[in-house]
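If you want the building blocks of each chain, they are given just below.
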Amino acid sequence: MKKIIYLLLLSLVFACGGPEPRKPIETKSGSFIKESVERNKRLLEEEEVLIQQYIAIDSIHDYQNSAAGSWYSYEIKNDEASYTPKEDDLVTLTYNLRSLNNDTIYSMEEVGVLNYKVDKQELFPGLRSGVKLLKEKETAIFIFPSSMAFGYHGDNNKIGPNTPIMATIEIFKITKKEDLIEIQN
């Protein structure tokens, strides 16, 4: 009798498989992401048209396109300097932000003088890339599409969602990473 009970229990254990996974009721096709990508492409195209219109009207400055996707024009160029900031360098700078209508959003006085450790501190993407293009004692005007500025969220203060902006960036001093290490020791 014990053998029969043992065989019954053994057959129940092997007859019952493990838990069967539940299958999803509906599957997602990824269409939301595709729609978002298309919407962002259209937005960037529209902003680039506005930026090109601004550049065409601004006959004073000669704008260049950066590899990062912004446009810039030097106001003060320092031909004597050759070094541009690299990661971990300390850059002393200031900047202002304006709309494409040239309305001041944040003045240099509001921003103040900043000490920025390159690629180690939070700045909006356009400013991070713009700083790396300038040398000591240079000033340039940058035009950023919203994707390089404050994006779809804005800055929760004066800059609304999906707003392209202009910035004038002035670099006062660049302290190389190696020089910072010597100062600390």
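The text that follows walks through the structure, step by step, so that each part is easy to find. (Residues numbered from 1 in each chain as written. Predicted model: local features only at pLDDT ≥ 70, side-chain atom pairs only at ≥ 80, totals over all residues. Heavy atoms only, no water.)

## Re the pattern of salt bridges
If you walk through the whole model with that rule in mind, you get six salt bridges. Between Lys177 and Asp88 there is a salt bridge; the shortest N-O distance is 3.7 Å. You can see Lys177 sitting in helix H5 (residues 177-184) and its partner Asp88 sitting in the loop between strand S2 (71-76) and strand S3 (90-98), a full 89 residues away along the chain. We classify Lys177 as partly exposed; its relative accessible area is 34%. Between Lys158 and Glu110 there is a salt bridge, and its shortest N-O distance comes to 2.9 Å. Taken as a pair, Lys158 in the loop between strand S6 (139-144) and strand S7 (165-175) and Glu110 in helix H3 (residues 108-111) lie far apart in primary sequence, 48 residues in all. Residue classification places Glu110 among the partly exposed positions, given a relative accessible area of 47%. (Salt bridge = Lys/Arg side-chain N within 4 Å of Asp/Glu carboxyl O. Helix = DSSP H or I, 4+ residues; strand = E, 2+ residues; numbered from the N terminus. Buried < 20%, exposed > 50% of the residue type's maximum accessible area, 1.4 Å probe, protein only.)

## A few points about the packing of aromatic side chains
Enumeration according to the criterion identifies six aromatic pairs in this entry. Seen in terms of ring centroids, Tyr72 and Phe142 are 5.4 Å apart; in terms of plane orientation they differ by 20°. Their pairing is stacked. Taken together, the residues span a long stretch of sequence, with Tyr72 in strand S2 and Phe142 in strand S6 at a distance of 70 residues. Taking the relative accessible area as the measure of exposure, Tyr72 reaches 9% and is therefore buried. A residue is classified by how much of its surface remains accessible, and Phe142, at 0% relative accessible area, is buried. Relative to Phe150, the ring of Phe124 lies with its centre 4.8 Å away and its plane at 45°, an arrangement referred to as tilted. Here the residue Phe124 occupies a position in the loop between strand S5 (114-117) and helix H4 (125-131), and Phe150 occupies one in the loop between S6 and S7, the gap between them amounting to 26 residues. Judged by its relative accessible area of 7%, Phe124 falls in the buried class. Ring-pair connections join several aromatic residues into one group, and the members of that group are Tyr72, Tyr74, Tyr95, Phe124, Phe142, Phe144 and Phe150. One residue, Lys77, lies across the ring of Tyr74, its end atom 4.1 Å from the ring centre. Lying over the aromatic face of Tyr83, Lys176 brings its terminal NZ or CZ to 4.4 Å of the ring centre. (Phe/Tyr/Trp six-rings, centres within 6.5 Å; stacked < 30°, edge-to-face > 60°. Lys NZ or Arg CZ within 6 Å of the ring centre and 35° of its normal.)

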